[in-house]
Amino acid sequence: MEKRPRVGIVLGSDSDFEVMEEATRVLDDFGVPYEVTVASAHRSPERSAAYAREAEARGLEVLIAGAGMAAHLPGVLAASTALPVIGVPLRGGALNGMDALFSIVQMPPGVPVAAVAVNGARNAALLAVQILGVKDPELRAKFRVYKERMAAEVAVKSAKLQEKLLSSLK
Ligand code: RP5
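Residues numbered from 1 in each chain as written. Predicted model: local features only at pLDDT ≥ 70, side-chain atom pairs only at ≥ 80, totals over all residues. Heavy atoms only, no water.

(A) Structural view of a nonpolar patch on the surface. Together, Leu 95, Met 98, Phe 102 and Val 105 line one region of the surface with nonpolar side chains, adding up to about 390 Å² of accessible area. Relative to the assigned elements, Val 105 resides in helix α4 (residues 98-105). (Patch = residues over 30% accessible without salt bridge, like charges linked within 9 Å, V, L, I, M, F, W, Y side chains within 5 Å. Areas by Shrake-Rupley, 256 points an atom, 1.4 Å probe, with all protein chains shown as cover. Salt bridge = Lys/Arg side-chain N within 4 Å of Asp/Glu carboxyl O. Helix = DSSP H or I, 4+ residues; strand = E, 2+ residues; numbered from the N terminus.)

(B) The site of the ligand, seen in detail. All residues in the neighbourhood of the ligand are listed as Gly 12, Ser 13, Ser 15, Asp 16, Arg 43, Ala 67, Gly 68 and Met 69. Contacts to the ligand include Ser 15, whose side-chain N or O atom sits 2.7 Å from an oxygen atom. Backbone polar atom of Gly 68 to an oxygen atom of the ligand: 3.0 Å apart, as the coordinates give it. The fraction of the free accessible surface of the ligand (370 Å²) that becomes covered by protein chains is 70%. Judged by the proximity of its atoms to the pocket grid, the ligand belongs to the largest pocket. Residue composition of the shell around the ligand, by class: two nonpolar, four polar and two charged. (Near = heavy atom within 4 Å. Polar contact = N/O pair within 3.5 Å; in protein donor to acceptor, adjacent residues only side chain to side chain. 1 Å grid on protein atoms, 1.4 Å probe; cavity = no way out; pocket = protein on both sides within 12 Å on 5 of 7 lines; lining within 4 Å. Sits in = over half its atoms within 2 Å of the grid points. Nonpolar A, V, L, I, M, F, W, Y, C, P; charged D, E, K, R; others polar.)

(C) Summary view of the packing of helix α5 (residues 121-133) against helix α6 (residues 137-169). At their nearest, the axes of α5 and α6 sit 7 Å apart, and the two run at 135° to each other. As the angle between them shows, α5 and α6 are arranged oblique. Contacts from Arg 122, Leu 126, Val 129, Gln 130, Leu 132 and Gly 133 of α5 reach α6 at Pro 137, Leu 139, Arg 140, Phe 143 and Tyr 146. Tallied by class, the residues present in the contact of α5 with α6 amount to seven nonpolar, two polar and two charged. (Axes fitted to C-alpha atoms, helices over the stretch in contact; angles between N-to-C directions. Parallel < 35°, antiparallel > 145°, perpendicular 65-115°, else oblique. Contact = heavy atoms within 4.5 Å.)

(D) Broad picture of the packing of aromatic side chains. With the rule as written, the count across this model stands at three aromatic pairs. Arranged with centres 6.0 Å apart and planes meeting at 25°, the rings of Phe 30 and Phe 143 form a pair that is stacked. With Phe 30 in helix α1 (residues 17-30) and Phe 143 in helix α6, this residue pair connects regions lying 113 residues apart in the sequence. A relative accessible area of 6% means that Phe 30 is categorised as buried. Ring geometry for Phe 143 against Tyr 146: centres 5.3 Å apart, planes inclined by 50°, an arrangement best described as tilted. Taken together, the residues span about one helical turn, with Phe 143 and Tyr 146 both in helix α6 at a distance of three residues. The pair Phe 143 / Tyr 146 is uniform in exposure class, with both members buried. An aromatic cluster is present here, built from Phe 30, Phe 143 and Tyr 146 joined pairwise through their rings. (Phe/Tyr/Trp six-rings, centres within 6.5 Å; stacked < 30°, edge-to-face > 60°. Buried < 20%, exposed > 50% of the residue type's maximum accessible area, 1.4 Å probe, protein only.)

(E) Representation of the pattern of salt bridges. Considering all chains together, one arrives at seven salt bridges under this definition. Close ionic contact of Glu 61 with Arg 6 constitutes a salt bridge, the shortest N to O distance being 2.6 Å. One end of the pair, Glu 61, is in the loop between α2 (45-55) and β3 (62-68); the other, Arg 6, is in the segment before β1 (7-11), with 55 residues separating them in the sequence. Judged by relative accessible area, Glu 61 falls into the partly exposed class, the value being 28%. We note a salt bridge from Arg 53 to Glu 46, for which the minimum N-O separation is 3.4 Å. Taking relative accessible area as the criterion, Glu 46 reaches 53% and is therefore assigned exposed. Each member of the salt-bridge network shares a partner with another, and the members are Glu 21, Glu 22, Arg 25 and Arg 122.

(F) Fine view of the layout of surface pockets. Counted as a void, the largest pocket has a volume near 390 Å³. Contributing to the lining of the largest pocket are 22 residues, with Ser 13, Asp 16, Ala 67, Gly 68 and Met 69 lying nearest its centre. Counted by class, the lining of the largest pocket contains eight nonpolar, ten polar and four charged residues. Considering only enclosed or pocket space, the second largest pocket measures out at about 230 Å³ in volume. Every residue lining the second largest pocket is listed: Val 26, Asp 29, Phe 30, Arg 122, Leu 126, Lys 142, Val 145, Tyr 146, Arg 149, Met 150 and Glu 153. Among the elements of the structure, α1, α5 and α6 are those that each provide at least two residues to the lining of the second largest pocket. At six residues, α6 tops the list of elements feeding residues into the lining of the second largest pocket. Taken together, the residues of the lining of the second largest pocket break down into six nonpolar, no polar and five charged. Domain assignment of the residues forming the lining of the second largest pocket places at least three in each of domain 1 (7-135) and domain 2 (137-170). (Points joined across faces, edges and corners; volume = space filled by probe spheres on them. Domains from an automatic or database assignment.)

This is the structure in structure tokens:
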């Protein structure tokens, strides 16, 4: 049986999927069910607002919205839902992501959006996992393992670098 999606990933355009696919990979790794939808704040404002309005009743718990240029999508979703919204500013256009970053991070007081780095789809998914983990001990434990593995990888990289430096001195 298909599991009910817990995370809604919304793209401003299908052209955003190449970058946002990374979020789906992270959620797959953590075993978190999700759905992916295209809804543009400007080209299909009704579709975007309706998605946000209905998200909670459909069982979604966190929304991730990726958009480029004048990226109003995360804000438009946040305006119409009580669920947490994570915005991913996407690179592209003449300003190369700065436009999307400022659009997403500079939300007016009262309507927060958690903004991650430009093209930060991976971190958006990790933050979604952490949010879900607040009430999901199993997921929280998986996140702890992920962090431990990451720390171990740094130690291995450091050891390899030391080895390389030492051998270059010989
Ligand atoms: C934004 O405009 C989208 O999120 C996308 O990043 C950008 C360009 O969209 P397309 O013209 O490729 O559909 O709204």
